[in-house]
Every structure is written in structure tokens, then in C-alpha cells.
Amino acid sequence: MSTRTNLSALALNYSTLTVFFMVALSIAGVWAFINLGRAEDPPFTIKQMVVSAAWPGATSREVEQQVTDKIETKLQELPYFFNVTSYTKPGETVIYVSLRDDVPPAKVADLWYQVRKKVGDIRGSLPQGVVGPFFNDEYGDTYSLIWAFESDGFSPAEVKDIAKAVRQRVLRAPDVTKADLFGLQDEKIYIEFSHTRLAMLGVPVDQILDVIRKQNSIVASGTVETRGERVAVRVDGAPTSAADLANLPFSANGRTLTLSDVAEIKRGYQDPTQTSMRFKGKSVIGLGVVMAPGGNVQTLGKALEATMAEVARDLPVGITVHRVANQPEVVDKSFEEFTSSLLEALAIVLVVSFISLGVRTGIIVALSVPLVLAITFVAMLLLGIDFRRIWLGALIIALGLLVDDAIIAVEMMMVKLEQGFSRLEAATFAYTSTAFPMLTGTLVT
């Protein structure tokens, strides 16, 4: 008999304690299975950031020498820096900052803060007129659910206001960390000058633009102090609508005119459209929800389904909500496949074990599967590993190895019992002769 520690012998010598731990771990495993976070794919850290800037009117050479090169040189001081790739065109530059593969994911967020700080340090050395720089490190977000708001008889601005109100309600749902709107159309007021009228009146365009700029400026007008309070003084006269802008007066050659005399003022939307979203060929506004890390996408789906049902009841006639993407449904199907695979494995083990090894031995082999899975779920909860589709696939593969190992161990015990060994000797021999080969074989697989 080997002098090494034999777990089988310890378990049999302290059988009451062993049974207690089996029951406790089974209960803990069920609790862990219910409370583990669930999502479609595992989280991943994108180790690349986009830095962009605009310099209207500059040539590509000027942008490269006075903007791109300065930013790239400063970013080379970044810890874990790998390289930068830039794309420069007239009036614009886009720089891709890449980190080394060995950078710990926990440090990436702080490194992106360092990028912002370092570029901010050289902001004053960039040419006057540069817009930005702008930073983007959140394009790796995965949207758990996406809805599309379709309208009939409503303007894009009205649908936008409704979608924004729905977004505020969605953000209050549990496990929601972010909600974004897609396909929004920014409103603009367009001033189309009549060059014929301007020429007849002798009014330069710059004069009219200067009048609009001054009328729309916001400046501090001081305060009035009394014994009990301080009252801010504000000069109000900025146009707030297209009609106010059309009635804006100005003087030209001794005559008082309004802006509508020389231009057509109308409210519209940004043209050409920067971003848009279409659902079944129709223009819509989208709402995407990002789940918080460690959240349960199935719980999130149920909560948002209830929220959107309330929203649909409150929406005006003519606004329809369509669900475009539904990650909870995908995860539900994955868990159904895992559960069915588990039940199939147990059924096959029971049938094969009952036929070849007997009822009592078959029950022992069958009980090993849920017990080991329960322990695995507890370990996942302690290590912060959530359920993902790829983890479920790994568990399904592991079921085959687990069943095979259990049958080998029990069969070895039966052989030794038939040879005249006692139950304790048969169990300890099975551990000594099969534990290490099964462990190494499982690890290799």
C-alpha cells in the first residue's frame, strides 16, 4: 500500500464528514448556478484606441507635420506602447494607438487615461483652429438588446424625443450600464441667401453673418446685488426658432431690413446624413443596451421585456417598437442545449452502468456527474467566471471525460472486490492506480 495521502481512504474513514461536504457542495452548486452571471460571449479587452483631430482648411502635409507627428511622438512615452498607425487627409487625422499583447487587461483603462492626459499636455502646442483631439476606446461594447423605433406621421425630431425618454426608463433597469441611441438626425436651421436680392440691395454676405453672430452671442451681463440676494442680469435676444431668425433686423444703405428679405430660412435636418439606421428598409431610431460586467443577461432580458411592454402601452399611435437583437434568447437556447446534454449524459450513464455494472454501481457513477458540476459552479463563482456559450461548450465536453473517469474508478473497485480485497482496500487501490493517469489524461485532453 502506498504511503502517500489517499483521498479515497480519507473519505471512507470520515464518511459522515464526507457526506456533509457532498450535501453542502451540492446546495452551494445549485445556488451558484442560479446566481452566476450569464452572457453570450466572454468579455474581451480591445488594446487599441482611436485618437482623431480636425483642422479645417489645412492640407494633408500641414496636418501631418503639425498635428499627427506631434501626437504620435508624445504617445511613444506611453507604458506598454506597441505602435501607432495614422491616416491623414486634408483637414483631418486619425491615429490608432496599439498596446503590447502582454499588457494586463486591468491596466488598459488607466493607460487610455494616460493617453488623454499626454495628448492634453501638448494641446497648447497644436496650431490654432485645431478641433479636438477626440478619443474613442469604447467601440468594443456588446449590445445585449437592440430595439428600433418606427414612426408613421411623426417627424424624426419627435421620434428622437420619444426614444430619449425611453432610454431614461431603460437605464433604471437592473444590470444596465449603458444605453445608446442610433440613427439620430440632428436638427439644423438653414439660411439660403438670394444673391440677386443681395446684389440689388448692395448688402455683403459677411455683414449679415456678422449680425447673426452678434445676435446669437452669449456674454456675461453682470449682476445686481440687493440686501438679500444676488440677481444675474441677462440680455435676452438670441433667436430660438426659424421665425425669430427670419425677423432678425439689420441695416443696409440706410434701410432697415429683416433676414427674410434677403434669405430663405427653414428648419431641417443635417444633410447629408452622418449616421442612419434602417429596419426592413425603413428609417428608424435604434436603442441599444449594454449589460454591466457580471450581470445575468437572462434576468436583464426579463426586466427589459417588462419595461418595454410598459413603454409600448404608453407610446402614441403611430410609433412602433421592434426588437432587432435579442441576446437573452441566444443564451436561453445555449442553456437549453447544455441542460439537454447533461440529461442525455446522465441517461446514457445510467443505462450503460445499470446493464454492465449493476444498479448500485450505476447510481454511484450517475451521482458523480451533478456533484462535480456543483463543485465546478462554486469554483466559477469564487473565481469570478460567468457563464458564456464557450464555457457551456467546455462543460459539455468535460461531461464525457467525467463519466469516463467515474466508470474507470468504480470498475477498478469492483475488480478488486471480486479478487477478495476489502471495500477500503479496493477503494484505496483504485485511487492509487487510476488517479494520476486519469488526471494527466484529462489535462492533456
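Residues numbered from 1 in each chain as written. Predicted model: local features only at pLDDT ≥ 70, side-chain atom pairs only at ≥ 80, totals over all residues. Heavy atoms only, no water.

Draft legend 1. Structural view of the overall build of the protein chain. What the protein chain contains, in helices and strands, is 14 helices and 15 strands. Expected size for 445 residues packed as a compact globule is a radius of gyration near 22 Å; at 35 Å, the protein chain overshoots this value by more than 25%. The principal-axis extent of the C-alpha atoms belonging to the protein chain is close to 125 × 60 × 55 Å. Each of the 445 residues in the protein chain was classed as buried or not, and the buried ones make up 33%. Taking all contacts inside the protein chain whose residues are at least 6 apart in sequence as the whole, residues at least 24 apart take part in 75%. Only carbon and sulfur atoms are counted for the fraction: they give 57% of the accessible area of the protein chain, which is about 26,800 Å². Here the protein chain holds 41 positive side-chain charges and 47 negative ones, and the gap between their average locations is 4 Å. (Helix = DSSP H or I, 4+ residues; strand = E, 2+ residues; numbered from the N terminus. Rg over C-alpha atoms; globule rule 2.2 N^0.38 Å. Buried < 20%, exposed > 50% of the residue type's maximum accessible area, 1.4 Å probe, protein only. Contact = heavy atoms within 4.5 Å. Areas by Shrake-Rupley, 256 points an atom, 1.4 Å probe, with all protein chains shown as cover. Lys, Arg positive; Asp, Glu negative; His and termini not counted. Charge placed at Lys NZ, Arg CZ, Asp CG, Glu CD.)

Draft legend 2. A look at the packing of helix α12 (residues 359-383) against helix α13 (residues 389-418). Two elements in contact, α12 and α13, have axes whose closest approach is 9 Å; the angle formed by their N-to-C orientations is 140°. In terms of orientation, α12 lies oblique with respect to α13. Between α12 and α13 lies a crossing of right-handed hand. Here T361, I364, V365, S368, V369, V372, L373, T376 and F377 of α12 lie close against α13, whose contacting residues are L395, L399, L402, V403, A406, I407, V410 and M414. Broken down by class, the residue content of the contact of α12 with α13 amounts to 14 nonpolar, three polar and no charged. (Axes fitted to C-alpha atoms, helices over the stretch in contact; angles between N-to-C directions. Parallel < 35°, antiparallel > 145°, perpendicular 65-115°, else oblique. Left-handed = near helix turned anticlockwise from the far one by under 90°. Nonpolar A, V, L, I, M, F, W, Y, C, P; charged D, E, K, R; others polar.)

Draft legend 3. Summary view of helix α10 (residues 297-314). Helix length check: α10 (18 residues) gives 25 Å between terminal C-alpha atoms against 26 Å at 1.5 Å per residue, within 8%. For α10, every residue scored as buried is listed here: V297, Q298, L300, G301, L304, T307, M308 and V311. (Expected span 1.5 Å × (residues − 1).)

Draft legend 4. Region of the structure containing the side chain of K416. Along the polypeptide, K416 turns up in helix α13. Side-chain polar atoms of K416 contact the side chain of Q419, separated by 3.1 Å. Excluding its chain neighbours within four sequence positions, the residues that come into contact with K416 are F421, A426 and F429. (Polar contact = N/O pair within 3.5 Å; in protein donor to acceptor, adjacent residues only side chain to side chain.)

Draft legend 5. The arrangement of the sheet that holds strand β1 (residues 48-54) in detail. Sheet architecture is open: four strands sit in the order β2-β3-β1-β4, paired in antiparallel fashion. In this open sheet, the two strands that pair with only one neighbour each are β2 (81-89) and β4 (131-136). For this sheet, the mean angle separating the axes of adjacent strands, direction not counted, is 15°. Examined bridge by bridge, β1 and β4 share four bridges and lie antiparallel to one another. Within β4, the position partnered with V50 by the bridge is N136. Here helix α3 (residues 60-75) sits on the sheet in contact with β1, β2, β3 (92-99) and β4, set at roughly 165° to β2. Contacts from helix α4 (residues 105-121) reach β1, β3 and β4 within the one sheet, and its direction differs from that of β1 by about 20°. (Pairing = 2+ DSSP bridges.)

Draft legend 6. Structural context of the packing of aromatic side chains. Under the counting rule described, the total for this entry stands at four aromatic pairs. Where F20 meets F21, the ring centres are 5.6 Å apart and the plane angle is 65°; that geometry is what we call edge-to-face. With relative accessibility at 53%, the residue F20 sits in the exposed group. The exposure class assigned to F21 is partly exposed, which follows from its relative accessible area of 45%. A ring pair is formed by Y143 and F182, whose centres lie 5.2 Å apart and whose planes are at 85°; its orientation type is edge-to-face. Taken together, the residues Y143 in strand β5 (residues 143-151) and F182 in strand β6 (residues 176-182) connect sequence positions 39 residues apart. Look at Y143 and you get partly exposed, because its relative accessible area is 25%. Stacked on the ring of F421, the Lys or Arg K416 has its end atom at 5.3 Å from the ring centre. (Phe/Tyr/Trp six-rings, centres within 6.5 Å; stacked < 30°, edge-to-face > 60°. Lys NZ or Arg CZ within 6 Å of the ring centre and 35° of its normal.)

Draft legend 7. Molecular detail of the nonpolar core. Residues F149, V166, L287, L304, F377 and F387 are the most contacted members of the largest nonpolar core, which totals 46 residues. Listing elements by their share of this core, those giving two or more residues are β5, α5 (156-171), β6, β14 (282-291), α10, α11 (327-356), α12 and α13. Here the element with the most residues in this core is α13; it accounts for seven residues. When sequence neighbours within four positions are dropped, the list of residues in contact with L304 reads L145, W147, V170, A173, V176 and V289. Judged by nonpolar contacts, the second largest core, of 23 residues, contains V67, L78, F81 and I95. (Core = buried A, V, L, I, M, F, W, Y, C linked by side-chain atoms within 4.5 Å.)

Draft legend 8. Local environment of the environment of M413. In this fold, M413 is placed in helix α13. Taking the relative accessible area as the measure of exposure, M413 reaches 28% and is therefore partly exposed. Between the C-alpha atoms of M413 and A430, which are 17 residues apart in sequence, the distance is 5.8 Å. Those residues in contact with M413 that lie beyond four places of it in its chain are A426, A427 and A430.

Draft legend 9. Spotlight on the environment of L99. Along the polypeptide, L99 turns up in strand β3. Judged by its relative accessible area of 4%, L99 is buried. For the pair L99 and N83, spaced 16 residues apart in the sequence, the C-alpha separation amounts to 7.0 Å. Residues contacting L99, with those up to four places away along its chain left out, are K47, L78, P79, Y80, F82, V108, L111 and W112.

Draft legend 10. Structural view of the pattern of salt bridges. Scanning the model with the defined rule gives 11 salt bridges in all. Of the charged contacts, one joins E92 and K89 as a salt bridge, the two residues approaching to 3.4 Å between their closest N and O atoms. (Salt bridge = Lys/Arg side-chain N within 4 Å of Asp/Glu carboxyl O.)

That is the geometry; function is a separate question.
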